[in-house]
Amino acid sequence: MHIDIMFGILLTLIRHKQTTAKYLASKFEISERTVYRYLTVLDSNNIPITTKRGKNGGIILNNSIPLNTVFFSASEKVALLNLTHQIENNAIKVSVQTKLLTLQ
């Protein structure tokens, strides 16, 4: 399994809230069966994903669990914030810091 593809699938679901296995397979150049394998791994790691068949169906990211606790622990967030001080472009630095602070 490629962690970059799994993370890409998760980011796609965060952005779109609902998509299809066909779309994800095309986007990441994998089979639909492989998409479902990745979804099983995400599900086993407490990522709230459901699937719905039929018209208007697809893969759905359930928002009942806050996703900001899934990615980084409190100490990891602090470490990332400390690293942002090395960013030279002030606009980018402020943007990254703001986004990281919303995760706390």
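The following paragraphs examine the structure supplied in this document. (Residues numbered from 1 in each chain as written. Predicted model: local features only at pLDDT ≥ 70, side-chain atom pairs only at ≥ 80, totals over all residues. Heavy atoms only, no water.)

### Notes on unusual backbone geometry
Turning to step 1, where the next piece is worked out: In this model, Glu29 sits at a positive phi of 55 degrees, which is unusual for a non-glycine residue.
Turning to step 2, where the next piece is worked out: Relative to the helices and strands, Glu29 resides in the loop between helix 2 (21-28) and helix 3 (32-44).
Turning to step 3, where the next piece is worked out: The backbone of Asn56 sits at a positive phi, close to 65 degrees, despite the residue not being glycine.
Turning to step 4, where the next piece is worked out: Assignment of secondary structure puts Asn56 in the loop between strand 2 (49-52) and strand 3 (58-61). (Helix = DSSP H or I, 4+ residues; strand = E, 2+ residues; numbered from the N terminus.)

### Side note on the sheet that holds strand 2
Each strand in a sheet pairs with another by means of backbone hydrogen bonds, the pair being arranged parallel or else antiparallel.
Turning to step 1, where the next piece is worked out: Pairing in this open sheet of three strands is antiparallel, and the strands run 1-3-2 from one edge to the other. Two strands in the sheet have a free side with no partner beyond their single neighbour: strand 1 (18-19) and strand 2.
Turning to step 2, where the next piece is worked out: Bridge count between strand 1 and strand 3: two bridges; the pairing is antiparallel. Note on strand 3: the bridge partner recorded for Thr19 is Ile59.
Turning to step 3, where the next piece is worked out: Sitting on the sheet, helix 3 is in contact with strand 2 and strand 3, with an inclination near 140 degrees to strand 2. (Pairing = 2+ DSSP bridges. Contact = heavy atoms within 4.5 Å. Axes fitted to C-alpha atoms, helices over the stretch in contact; angles between N-to-C directions.)

### Examining the pairing of strand 2
Turning to step 1, where the next piece is worked out: For strand 2 and strand 3, the ladder comprises four bridges, and the chain directions are antiparallel. Paired with Thr51 across the two strands is Ile59, which belongs to strand 3.
Turning to step 2, where the next piece is worked out: A loop of five residues connects strand 2 with strand 3, the two strands running antiparallel in sequence, and Gly54 in this loop sits at a positive phi of about 90 degrees.

### Considering the environment of Leu100
Turning to step 1, where the next piece is worked out: Here Leu100 shows up in helix 6 (residues 90-102).
Turning to step 2, where the next piece is worked out: With a relative accessible area of 10%, Leu100 lands in the buried category.
Turning to step 3, where the next piece is worked out: Spatially, the C-alpha atoms of Leu100 and Val78 are 8.9 Å apart, while their sequence positions differ by 22 residues.
Turning to step 4, where the next piece is worked out: Beyond its immediate stretch of four places on either side in the chain, Leu100 contacts Leu80, Leu81 and Thr84. (Buried < 20%, exposed > 50% of the residue type's maximum accessible area, 1.4 Å probe, protein only.)

### Thoughts on the nonpolar core
Turning to step 1, where the next piece is worked out: Ile9, Leu13, Val35, Leu39, Leu42, Ile49 and Ile59 are the most contacted members of the largest nonpolar core, which totals 18 residues.
Turning to step 2, where the next piece is worked out: Counting residues per element, the ones that place at least two in this core are helix 1 (3-16), helix 2, helix 3 and strand 3.
Turning to step 3, where the next piece is worked out: Broken down by element, this core gets its largest block of residues, five residues, from helix 1.
Turning to step 4, where the next piece is worked out: What Ile49 contacts, discounting residues up to four positions off in sequence, is Leu13, Leu39, Leu42, Asp43, Ile59, Ile60 and Leu61. (Core = buried A, V, L, I, M, F, W, Y, C linked by side-chain atoms within 4.5 Å.)

### Digging into the side chain of Thr84
Turning to step 1, where the next piece is worked out: Here Thr84 shows up in the loop between helix 5 (74-83) and helix 6.
Turning to step 2, where the next piece is worked out: For Thr84, a relative accessible area of 3% corresponds to the buried category.
Turning to step 3, where the next piece is worked out: Within the structure, Thr84 has its side chain in polar contact with the backbone oxygen of Leu81 (distance 2.5 Å). (Polar contact = N/O pair within 3.5 Å; in protein donor to acceptor, adjacent residues only side chain to side chain.)

### Considering helix 3
Turning to step 1, where the next piece is worked out: Spanning 13 residues, helix 3 covers 19 Å between terminal C-alpha atoms, matching the ideal 18 Å at 1.5 Å per step.
Turning to step 2, where the next piece is worked out: Residues Thr34, Val35, Tyr38, Leu39 and Leu42 constitute the buried set of helix 3. Mapping the buried residues of helix 3 onto a view down its axis gives an arc of 145 degrees, with all of them on the same face. Those residues of helix 3 that are exposed and angled more than 90 degrees off the buried face are Arg33, Thr40 and Ser44.
Turning to step 3, where the next piece is worked out: Buried residues along helix 3 sit in contact with helix 1, helix 2, strand 2 and strand 3.
Turning to step 4, where the next piece is worked out: Looking one or two residues past helix 3, Asn46 carries a phi angle of roughly 65 degrees, positive in sign. (Expected span 1.5 Å × (residues − 1). Arc of directions from axis to C-beta.)

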